[in-house]
Amino acid sequence: MADENWKPKIIAIICNWCSYAGADLAGGARIQYPPDIRAIRVMCTGRIDPLFILKAFQDGADGVLVSGCHFGDCHYLEGNFKAAKRMFLLKSVLKNIGLDDKRLRMTFVSASEGAKWGSVMTDVIKTINELGPSPLKEFAR
Amino acid sequence: MSKNKHQYAFFLGCIAPNRYPGIEAAAIRTSKNVGIDLLPLKGASCCPAPGAFGSIDLNVWYAMAARNVVLAEQMGMDIALVCNGCYKSIWEVNHKLKHNDELRDGVNEVLKEIDMEFKGSVDVWHLAELYYDPEIVGVKKIADSIKRPLTGARIAVHYGCHLMKPGKERHFGDTENPMWIEELVAALGAEPVQYRNKMQCCGAGGGVRGYDLAHALDITNEKMINMRDVGVDAVTEVCPFCQLQFDRGQIEIKEKFGAEYGIPVLHYNELLGLAQGMSPDELALDLHAIDVEPFLKKIL
Amino acid sequence: MAEVKKNEEPRIGVFVCHCGTNIAGSIDVKAVMEYARTLPNVIVADDYQYMCSTPGQNKIAEAIAEQKLTGVVVAACSPRLHEPTFRNATKAGGLNPFRFEMANIREQNSWVHMHQPEEATAKAKDAVRIAVAKASLLEDLVPKSVPVEKAAMVVGGGVGGMQAALDLANAGIKTYLVEKSPTIGGRMSQLDKTFPTLDCSQCILTPKMVDVYRNEGIELLTYTEVEAVEGYIGNFDVTLRKKARGVITPAEAEARGIVGGGCTGCGDCVDVCPVIKPNPFELGMAPRKAVYIYHPQVSPLIYTVDFDACVKCGLCVEACGEKKAIDLEMKDELMTVKVGTVVLATGYDIFPIEKKFEWGYKNYDNVITSLEFERLICASGPTGGHLIRPSDGATPKRVAFVLCAGSRDNTGVGKPYCSRFCCMYSLKHAHQIIEKIPGVVPYIFYMDIRSFGKMYEEFYYRIQDEGAKFIRGRVANILEDPVTKNLHVNAEDTLLGRPIDMEVDLVVLAAAIEPSAETEKTRRLFGVSCSQDGWLLEAHPKLNPCGTTTAGVYLAGVCQGPKDIPDTVAQAEGAASAASIPIHRGEVELEPYFAQCMEEKCAGCGLCVNQCPYGALALVEKDGRTVMQVTEAKCKGCGTCGGFCPGGAIWMQHFATPQIVAQIDAFLLGGEQ
Ligand SMILES: Cc1cc2nc3c(=O)[nH]c(=O)nc-3n(C[C@H](O)[C@H](O)[C@H](O)COP(=O)(O)OP(=O)(O)OC[C@H]3O[C@@H](n4cnc5c(N)ncnc54)[C@H](O)[C@@H]3O)c2cc1C
Ligand code: SF4
Ligand code: SF4
Ligand code: FES
């Protein structure tokens, strides 16, 4: 079933204050990374309902990245702690339904870490490429 | 994981047994007195010398050093040794192979031919650092083992390059102004003396002695001047090759530059042996090029 | 009240920007625009060279009016840059500004995929599709206006903080100046002269300190730290800890009913105090007592008891007598003040240069830092202005200055950045010793001399002419001669291409600087980000260097990055001006990203209540059942509750679940599969 033309579909849900700003900084610095990720901006990773992520997988996403501020740096004090807890739980759910939990990743990239954003992008895409298409792909639609 | 912290495979090296057998004798006896057992590492080869081998073919250096480590792995023991050159080879190759999978696979490819495999299961220590480590021996235990304090002896310490550097990889902290061997010397009742440019090379290492003796002696001469200027009774080190360079080197310096220093050169284990009561004969001190007698007179 | 609102039939306009070649260089803008036309709900799509220009913005306004648009999408740069611009354009066209959505195809696309035009174009199409999906579900929102407290706070009383406080107070704003040490003045009061004019630092600083002290608009709170911060722009509630100082001011004395009492700064207590400690102001090179002032020009001139050292013998209380200024039982006090805006000016500390083992600081007596040099050359310093060698008190004749000591250092031990003022102050130091010590030779070991400011390069030439020797080379190591305590400086002279070993009497390390010790704690309290090396992060490196991403909090001086006094003062004036704007306007608009309870879905379980870090949620009884209620004034719109509610009963304005799910679906299910 390995499709020669398969390109990973990865969605990133990232917070406005740190990771989105870090991603913008990577742009300003012209840091080059592979183009397979599409980002959605929320104010804080705390906004991310685990159901969003399940929905993305159900829609056929091959990977999901959640990225926020470093612990202690959340613009709203502790949204990222709450998010991390949820992602942790969600990862075990994913494992239980037979999805490799490496398909969901949470990272912490600050507004000044443009270069780090570039390497996170590269690394996530590499991981998903290694894992191949999501087994849930057929459920999409 | 729970390795015996008081039992080690003793890697002898070449220079100690061939030039200064007293170092070997001292190491085994003095360590026993502070609760460390050194067991022979049977079948060991040259470390091999980091400068001589490393500058010609790194792969040979890796493979030979790795083979020595594997011998210890087979004994299930960490390695202890008494020479900075050996430390550079065996500690560093062990460290590199543990942290670089690619290199390790390459070396294991070679070792396969003699049915060996590097597993990365042991660590490598200089005996001096075991002496200093309070969890293994510690300065206090060294001081307690002394029967004949070296009172009044002014001693310059030479650390040697391969022990402490490159500082980024090693674990000794301050590599520019270390004082821990001084602490070990003070534990013997002697007075460690600071001199200019303490961390300068002895002149021998890195293949310099083999390649360009005149240049090597130039460096040694500078060190001897700096030690003489502060007035010392002896210089101590933890490396037979440094010892050779200071000891024989003083004779060669006399021939080349006409300068005479007459500073006895003793490995820390030899000093410790004396302080623990070993006789000069047991330590084969008569094999030293620079007469140790004046120093002995002062302390005995 | 809020429900899943059904929009009227969405009519979306899409505008794709070329941004010159910034976007069009790697993205086929026309193709993206053509693609937008094929998307559901899109009524009109257009492209333009510079969407943010006036004609670009006009296009949006015109299209809204002509096509009766319900939503606008601009595919261009980052919303963090131009969302406000295009919201205004949307508003100008007669549409609610929150009907606007931006697709970032520059910072997160064309600039990071410069060599993959096809993939970049495909990604831009996806981004537009995602944005259109969200725009189709956007609703009218009204920003909330809140009144702004007519008071400001400045944290840090160095020259930067003092300037900011003076400007704010002189603009008619009540200003709290919070300084953690017993006096204002900061590092500048430790300096002797200042480059390049060589005016005496204290002479130009002391009048300012007096101004601050006398200014009726400034409430000076020394020996005070920020303990907690609540609220947001316009209404910060800041809790301060007034550390127990052991000494009361005349005003405090009056409040306690002690007539004519309180500290007059006479210093009678010092004479009798038996405890001796090193004076941190003199970097430990001079003593002080357990009851002390840093130096004679402190402001306020009030003594302080160091309770860690005090033995409570009570001799000082006796000596103080009728003034009754000393209270050895004093305890820390907490106070809360309300301010509209805040300026942070927490300055810097000297990097612990002993970590660079090779230069032997703290090992060798005659290796000192530049700040120690400032104290030793200063007439009011511990040696009365005589530069001496610490080992023997002799006057040095050969002095080496090691520049970039720990700065521009990529070994992982020091700091990668340039500390920016060490070149200039080392030139100043060279001048000072030439002036004071006949026959002295300063040797300056440098990598580059960075004399970038007004009259700085001229100053550099002047010092060259005065006879300072410049050696271009980084110092490899410094060795002490154990007998003479002279130092051998080893370096490579990279102009002559040869190694040098220079014997000198004294080495002065121009040590790197780092953010001051409590900067990290303070910035977290105010929710301000920092850059990788710990300096506080400005909102935009070029266009908003005084602001932060936290509305209402501004930056002044070195806390934002190394800068000399002129730059510190300039930034402080900028920060003060920025901080006064919301106060003078009297109200600010908060983005209306509030949580709302969809009562018909709310089960009244109350699980969300603990999720909110601001305590904005509570359960209430309504029409005979329990439902959650949001206090809008407390909600900051993070959405943490909305991401949690098991019943999906929380509507996050502008980031509502259907809007986000529409974005996810648009990416994964829309487009060419
Ligand atoms: C050796 C040397 C020589 C120099 N010479 C010159 C010169 O000749 N000319 C020149 O232009 N510049 C010179 N400088 C630079 C100058 O010192 C700085 O530009 C200036 O001091 C910066 O002022 P600031 O207010 O930003 O910070 P600082 O002077 O560091 O003041 C910060 C203040 O904030 C307080 N503070 C810190 N944290 C907190 C907190 N959490 N809560 C409350 N208060 C806090 C501190 O106690 C301090 O009072 C020199 C620097 C050095 C090291
Ligand atoms: S100002 Fe000069 S000495 Fe200081 S770090 Fe920058 S270049 Fe180096
Ligand atoms: S969005 Fe929810 S959790 Fe966040 S501040 Fe508002 S009420 Fe609290
Ligand atoms: S604002 Fe970035 S994770 Fe909360």
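Residues numbered from 1 in each chain as written. Chains lettered and ligands numbered in written order. Predicted model: local features only at pLDDT ≥ 70, side-chain atom pairs only at ≥ 80, totals over all residues. Heavy atoms only, no water.

Enquirer: Looking at this structure, I do not really get the sheet that holds strand β22 (residues 441–446) of chain C. What am I missing?
Expert: Strands pair in a sheet through their backbones, by hydrogen bonds, and they do so in one of two ways: parallel or antiparallel. Residues and elements named next belong to chain C. The five strands lie next to each other as β20-β27-β21-β22-β23, forming an open sheet whose pairing is parallel. At either end of the open sheet lies a strand with only one pairing partner, and these are β20 (367–369) and β23 (469–472). Each adjacent strand pair in this sheet contributes to an overall mean axis angle of 25°, direction not counted. Pairing analysis gives five bridges linking strand β21 (residues 398–405) to strand β27 (residues 506–511), with the strands arranged parallel. Note that in β27 the partner of alanine 405 across the bridge is alanine 511. (Pairing = 2+ DSSP bridges. Helix = DSSP H or I, 4+ residues; strand = E, 2+ residues; numbered from the N terminus. Axes fitted to C-alpha atoms, helices over the stretch in contact; angles between N-to-C directions.)

Enquirer: Hey, could you run me through the pairing of strand β11 (residues 224–232) of chain C in this one?
Expert: The side chains of a regular strand alternate between both faces of the sheet. All names here are of chain C. Here eight bridges tie β11 to strand β12 (residues 235–242), and the two strands are oriented antiparallel to one another. Residue pairing across strands places valine 226 opposite leucine 240, the latter belonging to β12. Once β11 ends, the chain turns through two residues before running back antiparallel as β12, passing glycine 234 with a positive phi of about 95°.

Enquirer: What should I look at first to understand the sheet that holds β11 of chain C in this one?
Expert: All names here are of chain C. Taken in spatial order, the three strands line up as β11-β12-β17 in an open sheet, and their pairing is antiparallel. Edge positions in the open sheet fall to β11 and β17 (333–339), since each of these has one partner strand only. Taken pair by pair, the neighbouring strands of this sheet meet at an average axis angle of 20°, ignoring direction. Against the sheet, helix α15 (residues 519–526) makes contact with β11 and β12, and its axis sits at roughly 25° relative to β11, the strand it touches most. (Contact = heavy atoms within 4.5 Å.)

Enquirer: Before we go on, may I ask you to explain a negative patch on the surface in this structure?
Expert: On the surface, Asp101, Glu102, Asp105, Glu109 and Glu113 of chain B cluster together into a patch of negative charge. As for its position among the elements, glutamate 109 of chain B is in helix α6 (residues 101–111). (Patch = residues over 30% accessible without salt bridge, like charges linked within 9 Å, V, L, I, M, F, W, Y side chains within 5 Å. Areas by Shrake-Rupley, 256 points an atom, 1.4 Å probe, with all protein chains shown as cover. Salt bridge = Lys/Arg side-chain N within 4 Å of Asp/Glu carboxyl O. Lys, Arg positive; Asp, Glu negative; His and termini not counted. Charge placed at Lys NZ, Arg CZ, Asp CG, Glu CD.)

Enquirer: Sorry if this is basic, but what is going on with the domain arrangement of chain B here?
Expert: When the parts come together, some accessible area is lost, and that loss is often what is quoted as the size of the interface. Residues and elements named next belong to chain B. Entries for chain B in the domain assignment read domain 1 (7–127) and domain 2 (145–299). Placing a centre on the C-alpha atoms of domain 1 and another on those of domain 2 gives a separation of 24 Å. For the pair domain 1 and domain 2, the summed buried area comes to about 2,500 Å², and 64% of that belongs to carbon and sulfur atoms. Taken together, the links from domain 1 to domain 2 amount to two salt bridges. Where domain 1 packs against domain 2, one counts nine residue pairs in polar contact (both at pLDDT 80 or more). Of all the secondary structure elements, the ones that give two or more residues to the side of domain 1 that touches domain 2 are α1 (15–19), α2 (21–33), α3 (50–54) and α5 (84–99). A per-class count over the side of domain 1 that touches domain 2 returns 15 nonpolar, eight polar and five charged. (Domains from an automatic or database assignment. Buried area = accessible area lost by both parts, 1.4 Å probe. Polar contact = N/O pair within 3.5 Å; in protein donor to acceptor, adjacent residues only side chain to side chain. Nonpolar A, V, L, I, M, F, W, Y, C, P; charged D, E, K, R; others polar.)

Enquirer: Help me understand the site of ligand 1, please; the structure alone is not making it clear to me.
Expert: All names here are of chain C. Of all residues adjacent to ligand 1, which total 37 residues, the nearest are Glu179, Tyr348, Lys428, Lys563 and Ile565. In this structure, an oxygen atom belonging to ligand 1 sits 3.3 Å away from a main-chain N or O atom of valine 159. Isolated, ligand 1 exposes 1,000 Å² of accessible area, and the fraction of that covered by the protein chains is 97%. When residues of the shell around ligand 1 are traced back to their parent elements, those giving at least two are α7 (159–170), β8 (193–194), β19 (348–350), α12 (370–377), α13 (422–436) and α16 (565–585). Looking at the shell around ligand 1 residue by residue, the classes come out as 15 nonpolar, 13 polar and nine charged. Taken domain by domain, the shell around ligand 1 gets at least three of its residues from each of domain 2 (151–243 + 336–347 + 516–585) and domain 4 (349–514). (Near = heavy atom within 4 Å.)

Enquirer: What should I look at first to understand the state of the cysteines in this one?
Expert: A covalent bond bridging the sulfur atoms of two cysteines is what the word disulfide describes. This model, assessed by the stated rule, comprises one disulfide over all chains. Residue pairing for cysteine 200 of chain C: its cysteine sulfur links by disulfide to cysteine 203 of chain C, the two sulfurs lying 2.3 Å apart. Disulfide cysteine 200 of chain C-cysteine 203 of chain C: the torsion about the S-S bond is 85°, which places it as right-handed. Under the relative-accessibility criterion, cysteine 200 of chain C is labelled partly exposed at 23%. Its sulfur unpaired, cysteine 46 of chain B is 3.8 Å from the next cysteine sulfur, which belongs to cysteine 14 of chain B. We note that cysteine 239 of chain B lacks a disulfide partner, and the nearest cysteine sulfur, in cysteine 242 of chain B, lies 3.7 Å from it. (Disulfide = S-S within 2.5 Å. Buried < 20%, exposed > 50% of the residue type's maximum accessible area, 1.4 Å probe, protein only.)

Enquirer: Sorry, what's going on with the packing of helix α6 (residues 117–135) of chain C against helix α17 (residues 657–668) of chain C here?
Expert: For any two helices packed against each other, the geometry comes down to the angle between their axes and how far apart the axes lie. All names here are of chain C. Packing of α6 against α17 leaves a shortest axis separation of 8 Å and a crossing angle of 150°. The orientation of α6 relative to α17 falls into the category roughly antiparallel. Considering only the axes of α6 and α17, their crossing is right-handed. Residue-level contacts link Asp126, Arg129, Ile130, Ala133 and Lys134 of α6 to Gln659, Ala662, Gln663, Ala666 and Phe667 of α17. Of the residues contributing to the contact of α6 with α17, the split by class is five nonpolar, two polar and three charged. (Parallel < 35°, antiparallel > 145°, perpendicular 65-115°, else oblique. Left-handed = near helix turned anticlockwise from the far one by under 90°.)

Enquirer: What should I look at first to understand the pairing of strand β1 (residues 12–17) of chain C in this one?
Expert: Residue and element names in this part refer to chain C. Counting buried positions over the six residues of β1 gives six, a clear majority of the element. Burial of β1 is two-sided: the residues Ile12, Val14 and Val16 facing one way and the residues Gly13, Phe15 and Cys17 facing the other way are all buried. Taken together, the six bridges between β1 and strand β2 (residues 42–48) define a ladder with parallel strand orientation. In the sheet register, phenylalanine 15 faces β2, and the bridge partner there is aspartate 46.

Enquirer: So what exactly am I meant to see when it comes to the pattern of salt bridges here?
Expert: Close approach of charged atoms allows side chains of opposite charge to pair. In total, this model carries 62 salt bridges over all chains according to the counting rule given. Across the salt bridge formed by arginine 228 of chain B and aspartate 229 of chain B, the nearest N and O atoms sit 3.6 Å from each other. A salt bridge links arginine 99 of chain C to aspartate 140 of chain C; its shortest N-O distance comes to 2.7 Å. Here arginine 99 of chain C, found in the loop between α4 (79–92) and β4 (100–104), pairs with aspartate 140 of chain C, found in the loop between α6 and β5 (144–147); they are 41 residues apart in sequence, far enough to count as distant. Several salt bridges share partner residues, and in doing so they unite Arg41 of chain A together with Glu83, Arg87 and Glu591 of chain C into one network.

Enquirer: Can you help me understand the interface of chain C and chain A in this one?
Expert: Listed per partner, the contact involves 55 residues of chain C and 53 residues of chain A. Counting each side, the surface lost to burial between chain C and chain A is near 4,800 Å², with a carbon and sulfur contribution of 56%. Here chain C is connected to chain A by five salt bridges. Linking chain C with chain A are 25 residue pairs in polar contact (both at pLDDT 80 or more), by the criterion used here. Those elements giving two or more residues to the side of chain C that touches chain A turn out to be α4, α5 (106–110), α6, α15 and α17 of chain C. Among the elements that line the side of chain C that touches chain A, the one with the most residues is α17 of chain C, at eight residues. For the side of chain C that touches chain A, the per-class residue count stands at 22 nonpolar, 22 polar and 11 charged.

Enquirer: Hey, could you run me through the nonpolar core in this one?
Expert: Grouped burial of nonpolar side chains is what soluble globular proteins tend to show. With 100 residues, the main nonpolar core has Ile79, Tyr131, Ile142, Trp180, Leu188, Tyr268 and Phe295 of chain B as its most contacted residues. By residue number, the principal contributor to this core is helix α4 (residues 58–75) of chain B, which donates eight residues. Sequence-distant contacts of tyrosine 268 of chain B, that is, excluding residues within four places in its chain, are made with Tyr131, Ile142, Leu184, Val185, Leu188, Thr236, Glu237 and Val238 of chain B. Membership of the second largest hydrophobic core comes to 54 residues, among which are Met106 of chain A together with Phe594, Ala649 and Leu668 of chain C. (Core = buried A, V, L, I, M, F, W, Y, C linked by side-chain atoms within 4.5 Å.)

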